[in-house]
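Here is how the chains run, residue by residue.
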Amino acid sequence: MAVVEQTILRDPALFYWILFPISVVMILTGILRHYATVLMNTPPKPASTLAESRERHALLRGVNLRNHACAVLDRESFEARKNYLVNGFRSGAFLKDPNNRGQPPANPMTDPAGMEAMMGMLKGNMMMMIPQTLIMSWINAFFSGFVILKLPFPLTIRFKSMLQSGVMTRDLDVQWVSSLSWYFLNLMGLQSVFGFILGSDNSANQMAQQMAQANPAAMMNPMQPGQDPDKLFLSEAENLEVMEHFCILDGVEERVLRNFAPEVI
Amino acid sequence: MGGLVDAEVNGSDVLSALRLSQQAAAILGHGLAPNTHATSSKSSRDTAEEYSRIEQLFLACLQTGDDQSAQTCLDRLSNRFGPSNERVMGLRGLFQEATAKDQPALEKCLAEYETILSESPVNVPIMKRRVALLRSLQRPSDAIAALIQLLDAIPTDAEAWGELADLYQSQGLGAQAIFSLEEALLIAPNSWNIHARLGELLHVCSSSSEGDAARLAGKSVQHFCRSIELCDDYLRGFYGLALATSRVLDQKYAPESPSDPAIPSRKTIQQLQAFALQRLEHIIQSRSVDDQHWASSRSELIAAKELLNRFAPSK
């Protein structure tokens, strides 16, 4: 049985007045969002006192020891460092104010530093939310229900919800794309266009933002607002305690001879 | 010319610093007034690379005594980042120290650093400048105290640990210096130059300390080996390995047949020494002293030649 090709007569003006405007508007908002984010972005505040800076870096020191001790230290100096750090973490010597130890963490709403960090996050989220809401309602108000484009290749039925949102026609072939779906496709698919226009580390990129939020360790300050540094220190102390020491410097002499000078042996 | 500008400048490399500073006028534009130039270059060259290049040029100019160009570089940096930027403050302090005429002027710089630090205690560039200034004012114990204060707050700064090791060594405190360099290595475990430096330090300490000498000499050989493992044509690594192995052999630290497999036998050490000398010879042949590319390490090459001559008769 031959497949009957659906034909829909489309006004060519649909292309100029819907498809094209939506794409342009999406690109422009992306660029605008990038610059607005850059403008409103507040850099993370550096530590204001020496004690605060120590609190931030002490954890890194423990991590460094854990990761790199095998490349540098012999057993004796490793044990000495381990004991020092474990003691420091346990006794709270690295904390900003050791007297406050054990008390519940301050409410981030009242802590001014935490408040600032939350504001930063809120601003970032707003930069994402507001334009999306506006454009979506704009498209819903003006262009809902238009079928604006036919894909040149066949697709399975599962793509129907993706390509034809806003058009409630059960029999319509999946190749037809509605205006609302075109908006979604643009929203997801313009990353590489932004990368081309704005450079690879642009803030129009939602993916990058989500990654940054998911990976706080990459930031300068390992402590999130509301997180208790004491707890982090205690868990780091535990990690250090269970560490097995080995040293790659043991037997390095033979290894060097074997690898670099086989003719000497 | 562009290629030469890209040549990296490191602190000890005086020749490339000189070469870079000679191009100051070309890099900074024809007019030395920053204001006329800034308008034309702002849009096209406002990049991080451009400013790090200006910073390098600033350091090179100070090294070669071209204070006027250095001032221009500094002005351009502080125009862009503002005079209250910490890094710019550090550079300005460096400039004032470099152009200070006499002792009282340096003391004045120090007082200025103290005021800045009392306002913002965690100003890292200024803290480092203060340490360096205390050191050049011949007050090493104050410098060590200031550096320890800095490292207490920021224990993950490899540069500062390295400086502390150097200061300790200048005061003859070998064990402390070794500890500091080990801390630096914990932050940057793959840097072959720090491994070699630690090896040198251990080698020096093994000649002075009594009971521990055998262990220190053995560790020094290990660190030189690691350095070579990480960079297999590092001249200092081979030089140190040759020296350290000869100490181990001369003092008979290595047993003929070790009980612990981790301790290398005398034969291994002898093989290592032969290997190091052979590689040194090779390096000296391949890097001619007249070659421009290796011009900055000329003194190292000469030293290596001298070492080979010393070993030659005994062979």
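Residues numbered from 1 in each chain as written. Chains lettered and ligands numbered in written order. Predicted model: local features only at pLDDT ≥ 70, side-chain atom pairs only at ≥ 80, totals over all residues.

A. Molecular detail of the interface of chain A and chain B. Taken together, the contact between chain A and chain B spans 32 residues of the former and 27 residues of the latter. Within the residue set of the side of chain A that touches chain B, elements represented by two or more residues are α2 (50-72) and α10 (252-260) of chain A. For the side of chain A that touches chain B, the element with the most residues is α2(A), which contributes 13 residues. Class assignment for the residues of the side of chain A that touches chain B results in 18 nonpolar, eight polar and six charged. (Contact = placed C-beta atoms within 7 Å. Helix = DSSP H or I, 4+ residues; strand = E, 2+ residues; numbered from the N terminus. Nonpolar A, V, L, I, M, F, W, Y, C, P; charged D, E, K, R; others polar.)

B. Summary view of the confidence of the model for chain A. Residues and elements named next belong to chain A. Per-chain confidence: chain A averages 79 in pLDDT, with 81% of residues scoring 70 or above. Across chain A, the element-wise mean pLDDT spans from 46 in helix α8 (residues 206-214) up to 90 in helix α3 (residues 75-91). Within the model, the stretch residues 210-219 combines pLDDT values under 50 with four contacts to residues more than four positions away or in other chains. (pLDDT = per-residue confidence, 0-100.)

C. The arrangement of the packing of helix α2 (residues 14-22) of chain B against helix α5 (residues 48-64) of chain B in detail. Residues and elements named next belong to chain B. Where α2 contacts α5, the axes come no closer than 8 Å and their chain directions differ by 105°. By the angle class used here, α2 and α5 are roughly perpendicular. Packed against α2, whose contacting residues are V14, A17, L18, L20 and S21, the element α5 presents Q56, L57, A60, C61, Q63 and T64 at the interface. Here the residues of the contact of α2 with α5 sort into seven nonpolar, four polar and no charged. (Axes fitted to C-alpha atoms, helices over the stretch in contact; angles between N-to-C directions. Parallel < 35°, antiparallel > 145°, perpendicular 65-115°, else oblique.)

D. Local environment of the packing of helix α10 (residues 140-153) of chain B against helix α11 (residues 158-170) of chain B. Residue and element names in this part refer to chain B. It is the contact of α10 with α11, at a shortest axis distance of 10 Å, that shows an interaxial angle of 155°. One finds that α10 runs roughly antiparallel with respect to α11. Note on packing geometry: the crossing formed by α10 with α11 is left-handed. Contacts between α10 and α11 pair P140, A143, I144, L147, L150 and L151 from the former with A160, W161, E163, L164, L167 and S170 from the latter. Residue composition of the contact of α10 with α11, grouped by class: 10 nonpolar, one polar and one charged. (Left-handed = near helix turned anticlockwise from the far one by under 90°.)

E. Fine view of the environment of C225(B). With respect to the element layout, C225(B) can be found in helix α14 (residues 213-230). Taking the number of C-beta atoms within 10 Å as the measure of exposure, C225(B) has 30 and is therefore buried. C225(B) has contacts with V252(A), E253(A), V256(A) and L241(B), leaving out every residue within four places of it along the chain. (Buried ≥ 20, exposed ≤ 12 C-beta atoms within 10 Å, placed from the backbone.)

F. Structural context of the nonpolar core. Residue and element names in this part refer to chain B. Within the largest apolar cluster, 71 residues are counted, with the highest numbers of intra-cluster contacts made by L147, L164, L181, F238, L241, A242 and A276. Ranked by the residues each element gives to this core, the list is headed by helix α15 (residues 235-250), at eight residues. Viewed by domain, this core spans two of them, domain 2 (97-189) and domain 3 (192-315), each represented by three or more residues. (Core = buried A, V, L, I, M, F, W, Y, C linked by C-beta atoms within 7 Å. Domains from an automatic or database assignment.)

G. Molecular detail of α2(B). Three or more residues of α2(B) are buried, namely A17(B), L20(B) and S21(B). The arc that holds every buried residue of α2(B), seen down its axis, measures 95°, which confines them to one face. (Arc of directions from axis to C-beta.)

H. Structural detail: unusual backbone geometry. The backbone phi angle of Q138(B) is positive, close to 60°, even though this residue is not glycine. With respect to the helices, strands and loops of the structure, Q138(B) is situated in the loop between α9 (124-136) and α10.

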